[in-house]
Amino acid sequence: MKGMMRAVVIDAPGAAEVMQVRDVPIPEMRPTDVLIRVEACGVCFHDVVTRNGVMKRGIKMPVIPGHEVSGIVEAVGPQVRGFKAGDRVTTAQRRHICGYCMYCRSGRETSCEEREFLGDIGLNGGYAEYVAVSQDNVCSVPAGVPLDQAAICACAIGTELNAVRDVAHVQAGEKVLVTGAGGGLGIHGIQLARLSGGYVVAVTSSAEKAKIIAEHGAHEVLLVKRDEDFSDAVKAVTGGLGVDVAIDNVGSPTFSATRRSLAMGARWIFVGQVTGEFVKLNPAQLFMRDISIKSAKSTSRKQLQDSLELVARGQVKPVITGELPLSMAHQAHREVESGRSTGRILLKPAL
Ligand SMILES: [Zn+2]
Ligand SMILES: [Zn+2]
């Protein structure tokens, strides 16, 4: 489709103000692309580290950020099957995958060598009126799931589903620590860990968030100061043993405290990293206690489909705490970067 659209553009990394709304061409469609009129786009920490320059790998500026997109199909390329104009859809976080490599053919397209992360490359991302995404990364939204909620089913819910179900394999009765529990990932990780039968121990540094975290199913909510070692508190609520699983949405800032919170034989799943800092680790600290480190990266389309089903059935409740127009993207970033926001903030081009 020819024409111009409004979008948030970042020309070079910097503070939140580097994001400017301007008119750019509607993205060109490849033959397998679905062009989506954006209803909502979730604001993710990924977008913050893209914008502030902490993440450099795979980024090609100028860029329109945003990979948590829902909307209505505007047009489809000649090779698209299964989608038509007017469909309600949401996207996995990628703009393109090859579709035939061993990763794509085993439900692990998150590792496809050809993958292009949506919103990392050029002027095609979710902070815009339109976005073009290949059909392999698009899902229909079930009736009964509002598009606002569908927008965050991939990243904020699907990535935690990846971590809790498909990487950690949380079992009924296991004790599960969730760090960054009030954030966009954590608040859904809590719900998924509970749904899997886990005894959920949540850590947060915000009293306001503590209440919401408890409402969303955490069995224990530990309110700690930023940079405080919370491991004694975790031990106190787990019979002195620590947790069997840690779903770590924070990374470096909570590294040592999380390690000291782990029970013998625990699985430690890395999902998020909010700073670029390296950490100190003595390998003996792992093998002397049979601790495994694993990681979960983004969301496959299968995980997205399952997340949409969980939301449609009311088993997971998407937590959205604000919606802003594109012109307020800088404010959304400040909220996310400072850790003030609970759950997800959406940008909506129609506002
Ligand atoms: Zn592939
Ligand atoms: Zn995201």
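Residues numbered from 1 in each chain as written. Chains lettered and ligands numbered in written order. Predicted model: local features only at pLDDT ≥ 70, side-chain atom pairs only at ≥ 80, totals over all residues.

## Observations regarding the overall build of the protein
- For the protein, the helix and strand inventory stands at 10 helices and 17 strands.
- The C-alpha radius of gyration of the protein comes to 20 Å, within 12% of the 20 Å expected for a compact globule of 351 residues.
- Overall, the C-alpha framework of the protein stretches about 65 × 40 × 35 Å when taken along its three principal axes.
- The 351 residues of the protein split such that 52% are buried.
- Looking at the protein alone, contacts between residues at least 24 apart form 69% of all its contacts between residues at least 6 apart. (Helix = DSSP H or I, 4+ residues; strand = E, 2+ residues; numbered from the N terminus. Rg over C-alpha atoms; globule rule 2.2 N^0.38 Å. Buried ≥ 20, exposed ≤ 12 C-beta atoms within 10 Å, placed from the backbone. Contact = placed C-beta atoms within 7 Å.)

## Section: helix 5 (residues 207-215)
- Those residues of helix 5 lying buried are K209, I212 and I213. Looking straight down helix 5, one finds its buried side chains confined to an arc of 105°; they lie on one side.
- Buried residues belonging to helix 5 abut helix 4 (186-195), strand 11 (199-204) and strand 12 (220-223). (Arc of directions from axis to C-beta.)

## Side note on the domain arrangement of the protein
- Under the domain assignment, the protein is made up of domain 1 (4-152 + 318-347) and domain 2 (157-295).
- Each partner contributes to the interface: domain 1 provides nine residues, whereas domain 2 provides 10 residues.
- Considering only residue class, the side of domain 1 that touches domain 2 consists of six nonpolar, two polar and one charged. (Domains from an automatic or database assignment. Nonpolar A, V, L, I, M, F, W, Y, C, P; charged D, E, K, R; others polar.)

## Overview of the environment of G144
- Of note, G144 is situated in the loop between strand 9 (138-140) and helix 2 (147-151).
- Spatially, the C-alpha atoms of G144 and V201 are 31 Å apart, while their sequence positions differ by 57 residues.

## Observations regarding the packing of helix 1 (residues 45-52) against helix 10 (residues 329-338)
- At a minimum axis separation of 9 Å, helix 1 and helix 10 run at an interaxial angle of 105°. The orientation of helix 1 with respect to helix 10, classified from their angle, is roughly perpendicular. In contact with F45, V48 and R51 of helix 1, helix 10 contributes H333, V336 and E337.
- Residues that form the contact of helix 1 with helix 10 fall into these classes: three nonpolar, one polar and two charged. (Axes fitted to C-alpha atoms, helices over the stretch in contact; angles between N-to-C directions. Parallel < 35°, antiparallel > 145°, perpendicular 65-115°, else oblique.)

## Re the pairing of strand 13 (residues 243-248)
- Buried residues dominate strand 13, accounting for six of its six residues.
- Pairing between strand 13 and strand 14 (residues 262-270): five bridges, direction parallel. Its bridge partner being in strand 14, D248 is matched across the sheet by F270.
- As a crossover connection, the stretch from strand 13 through helix 7 (residues 255-260) into strand 14 is right-handed. (Pairing = 2+ DSSP bridges. Right-handed = clockwise from strand over helix to strand, strands pointing away.)

## Observations concerning the sheet that holds strand 12
- Taken together, the six strands give an open sheet; going across it, the order is 12-11-10-13-14-15, and neighbouring strands pair in parallel fashion. The open sheet has two free edges, formed respectively by strand 12 and strand 15 (292-295), since each of these has just one partner strand. Pairwise comparison of adjacent strand axes, ignoring direction, gives a mean angle of 20° for this sheet.
- For strand 10 (residues 175-178) and strand 11, the ladder comprises four bridges, and the chain directions are parallel. If you follow V176 over to strand 11, its bridge partner there is V200.
- The sheet contacts of helix 3 (residues 153-167) involve strand 13, strand 14 and strand 15, and relative to strand 13 the element is tilted by about 155°.
- Across the sheet, helix 4 lies against strand 10, strand 11 and strand 13, angled at about 175° from strand 10, the strand it touches most.

## Focus: the nonpolar core
- The biggest cluster of nonpolar side chains holds 99 residues, and the ones touching the most others in it are V176, A202, V243, I247 and I269.
- Examining the composition of this core, we find that eight residues originate from one element, helix 3, more than from any other.
- Among the domains, domain 1 (4-152 + 318-347) and domain 2 (157-295) are the pair contributing at least three residues each to this core.
- If we skip the residues at most four places from it in the chain, V243 touches K175, V176, L177, V201, V234, T238, S261, L262, A263 and A266. (Core = buried A, V, L, I, M, F, W, Y, C linked by C-beta atoms within 7 Å.)

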